[in-house]
Amino acid sequence: LYFHETVYNGTNAADATSAIVAAPQGANLTILAPQNYFGNIVIFNDLITLDNNIHSKPVGRTQGFYLYDTKDTITAWFGFSFILNSTDYQGSINFIGPNPVFVKTRDISVVGGSGDFFMHRGVATLRTDGFEGKYFFGLRVDIKFYECW
Amino acid sequence: LYFHETVYNGTNAADATSAIVAAPQGANLTILAPQNYFGNIVIFNDLITLDNNIHSKPVGRTQGFYLYDTKDTITAWFGFSFILNSTDYQGSINFIGPNPVFVKTRDISVVGGSGDFFMHRGVATLRTDGFEGKYFFGLRVDIKFYECW
Amino acid sequence: LYFHETVYNGTNAADATSAIVAAPQGANLTILAPQNYFGNIVIFNDLITLDNNIHSKPVGRTQGFYLYDTKDTITAWFGFSFILNSTDYQGSINFIGPNPVFVKTRDISVVGGSGDFFMHRGVATLRTDGFEGKYFFGLRVDIKFYECW
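Residues numbered from 1 in each chain as written. Chains lettered and ligands numbered in written order. Predicted model: local features only at pLDDT ≥ 70, side-chain atom pairs only at ≥ 80, totals over all residues. Heavy atoms only, no water.

A. Region of interest: the interface of chain C and chain B. Taken together, the contact pairs 27 residues of chain C with 34 residues of chain B. Interface of chain C and chain B: buried area, both sides summed, is about 2,100 Å²; carbon and sulfur atoms make up 65% of it. Linking chain C with chain B are one salt bridge, by the criterion used here. Here R121 of chain C ties to E147 of chain B by a salt bridge, and the two come within 3.6 Å at their closest N and O atoms. Inspection of the chain C/chain B interface yields eight residue pairs in polar contact (both at pLDDT 80 or more). (Contact = heavy atoms within 4.5 Å. Buried area = accessible area lost by both parts, 1.4 Å probe. Salt bridge = Lys/Arg side-chain N within 4 Å of Asp/Glu carboxyl O. Polar contact = N/O pair within 3.5 Å; in protein donor to acceptor, adjacent residues only side chain to side chain.)

B. The interface of chain B and chain A, seen in detail. Every contact between the two is made by 27 residues of chain B and, on the other side, 34 residues of chain A. With both chains or domains summed, chain B and chain A bury close to 2,100 Å², and 65% of this area falls on carbon and sulfur atoms. Scanning the region where chain B abuts chain A turns up one salt bridge. In this assembly, chain B and chain A are joined by eight residue pairs in polar contact (both at pLDDT 80 or more).

C. Summary view of the pairing of strand β2 (residues 18-22) of chain C. Residue and element names in this part refer to chain C. In terms of residue burial, β2 counts as a mostly covered element, since five of its five residues are buried. Note: β2 against strand β3 (residues 41-49), four bridges, orientation antiparallel. Paired with A22 across the two strands is I41, which belongs to β3. (Buried < 20%, exposed > 50% of the residue type's maximum accessible area, 1.4 Å probe, protein only. Helix = DSSP H or I, 4+ residues; strand = E, 2+ residues; numbered from the N terminus. Pairing = 2+ DSSP bridges.)

D. Molecular detail of the relation of the copies chain B and chain A. Mapping chain B onto chain A calls for a screw motion: a turn of 120° about the axis and a shift of 0.0 Å along it, with 0.0 Å RMSD after fitting. Accordingly, the operation relating the two chain copies is best matched by a three-fold axis. Judged by C-alpha distance, A22 of chain B is the residue of chain B that lies nearest the rotation axis, at 3.3 Å. (Least-squares fit on C-alpha atoms with pLDDT ≥ 70 in both.)

E. Local environment of the nonpolar core. In this structure, I41 and F65 of chain A, I41 and F65 of chain B together with I41 and F65 of chain C are the most contacted members of the largest nonpolar core, which totals 33 residues. Dropping the residues within four chain positions of it, I41 of chain A is found in contact with A19, I20, V21, A22, F65, Y66 and L67 of chain A, I41 of chain B together with V21, I41 and I43 of chain C. (Core = buried A, V, L, I, M, F, W, Y, C linked by side-chain atoms within 4.5 Å.)

F. Inspection of the pattern of salt bridges at higher detail. Summed over all chains, the structure comprises twelve salt bridges over all chains. Its salt-bridge partner being R127 of chain A, residue D142 of chain A comes within 2.6 Å of it at the nearest N-O pair. One end of the pair, D142 of chain A, is in strand β9 (residues 136-147); the other, R127 of chain A, is in strand β8 (residues 121-132), with 15 residues separating them in the sequence. D142 of chain A gets classed as buried once you look at its relative accessible area, which sits at 7%. For R127 of chain A, a relative accessible area of 30% puts it in the partly exposed group. Sharing partners across several salt bridges, the network here consists of R121 and E147 of chain A, R121 and E147 of chain B together with R121 and E147 of chain C.

G. Up close: the environment of M119 of chain B. Residue and element names in this part refer to chain B. Note on placement: M119 falls in the loop between β7 (106-115) and β8 (121-132). On the basis of relative accessibility, which here comes to 1%, the residue M119 falls in the buried class. When the C-alpha positions of M119 and I93 are compared, they lie 9.2 Å apart, and in sequence the two are 26 residues distant.

H. Quick look at the side chain of S114 of chain B. On the secondary structure map, S114 of chain B appears in strand β7. The class of S114 of chain B is buried, set by a relative accessible area of 11%. Among the polar contacts made by the side chain of S114 of chain B, one reaches the side chain of S92 of chain B at a distance of 2.6 Å. Setting aside anything within four residues of it in sequence, one finds S114 of chain B in contact with Q90, G91 and S92 of chain B together with D107 of chain C.

I. Summary view of the state of the cysteines. For the structure shown, the criterion picks out zero disulfides over all chains. C148 of chain B forms no disulfide, and the closest cysteine sulfur to it belongs to C148 of chain A, at a distance of 19 Å. Look at C148 of chain B and you get partly exposed, because its relative accessible area is 21%. (Disulfide = S-S within 2.5 Å.)

J. Molecular detail of the environment of Q25 of chain A. Among the secondary structure elements, Q25 of chain A is positioned in the loop between β2 (18-22) and β3 (41-49). On a C-alpha basis, the gap between Q25 of chain A and G39 of chain A in space is 8.9 Å, while along the polypeptide they are 14 residues apart. Those residues in contact with Q25 of chain A, other than ones at most four positions away along the chain, are I20, L29 and T30 of chain C.

K. Examining the packing of aromatic side chains more closely. Scanning all chains against the criterion turns up 54 aromatic pairs over all chains. Ring plane angle 90° and centroid distance 5.7 Å describe the contact between F65 of chain A and F65 of chain C, whose orientation is recorded as edge-to-face. Here F65 of chain C lies in strand β4 (residues 60-68) and F65 of chain A lies in strand β4 (residues 58-68), a pairing that spans two chains. By the burial criterion, F65 of chain A is buried, and F65 of chain C matches it. Aromatic pair Y37 of chain B and Y68 of chain B: ring centres 4.9 Å apart, planes at 75°, arrangement edge-to-face. Taken together, the positions of Y37 of chain B in the loop between β2 (18-22) and β3 (41-49) and Y68 of chain B in strand β4 (residues 60-68) put the pair 31 residues apart, joining distant regions of the chain. (Phe/Tyr/Trp six-rings, centres within 6.5 Å; stacked < 30°, edge-to-face > 60°.)

L. Structural detail: the side chain of T125 of chain B. Residue and element names in this part refer to chain B. Topologically, T125 is positioned in strand β8. T125 gets classed as buried once you look at its relative accessible area, which sits at 18%. Separated by 2.7 Å, the side chains of T125 and D107 make a polar contact. Contact partners of T125, with chain neighbours within four places excluded, come to T105, R106, D107, R140, V141 and D142.

M. Spotlight on unusual backbone geometry. Residue and element names in this part refer to chain C. Its identity as a non-glycine residue notwithstanding, Y37 has a phi of 70°, on the positive side. Given a relative accessible area of 12%, Y37 falls into the buried group. Of note in this structure, M119 is not a glycine but carries a positive phi near 60°.

Here you go:
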């Protein structure tokens, strides 16, 4: 009952697949909020690839949201799903948890899934895999399932 | 440890029980966003009935949010709870997961609950049960619990 | 496999650590929405203390969001994490669930965690622990873990 998968996920807050949809008083929806983005909610829909090359063949998409929740540093809170659609895996995996982006590795919860990931639980370890400015970054996501069916 | 319940849930994005509360740049809060609603967050509070007649006696309410997260088709991501208050069931059930609305059946995660649904986990299968225009739709939710206490 | 912790959590919607970031049509981001705050989303980042004195030594922070989802009374839906950083506990705990604030005690789900709370599941019982006006309130959170690793 141990499963290990390495998925690279290129997330780009400025490209066509994500958008700032909420901001605190005094901020707007085209520029990340002034106090370490505190108060922004971003909806995203990004390709998932098996390596850190955003041009590799995608194996699925990741869909959901994150919000920035600290004023004096950058931390986020994620709620999202992987929708995998490859020859190896079919199904969805659902995640929630905190992402303090300046910590080297940070763990969020895998709370369930469907298809190949039916009723799975586990932990997903996030690592920043490069960024360009504040509107583009890549995330490496290592998923370990500890409960399967 | 197997439990099966069929609940019909009438959700209506235009009635008095839901509201668009966030939208991407260029959209507003009274019209769903132009690219397949991408970037909208909707907060809802709908009656739950046991059949698909919205006028049937309600057994509870469903409360939470969904967001639209794809530009070239309609997909949503849900976080919500059922608050059941009937002679048969008392308690809450908490759900998260993706809802690609044009797929015939789609599974989201039951991640916990309270009262009669204390510590339950399972899968909820969503089916569209009719819609009128883009501001009204009904959802059929079949819940199977695989872990109970 | 039974764990009991009492954490007091002072949450203040008007202080510098939380903000209204979404509101329905006709409302704004500096005043809670007119119909029992229906349609507001609030992002928060609050200190956690072991007793109900907000000036006690903090043991961590709680980060995430809640939204108000009823028009004729006040109910909220929470998604958040505790980030504990004390000599006794290190790690995060992830929560989701409904918070009908006028019910004396209400249970939400602990769906996972990291560090000392790796793969934990359980129930968190919320109690209102005093409020001042509608922009300040304290929450008492009692956490019981029923699944640990």
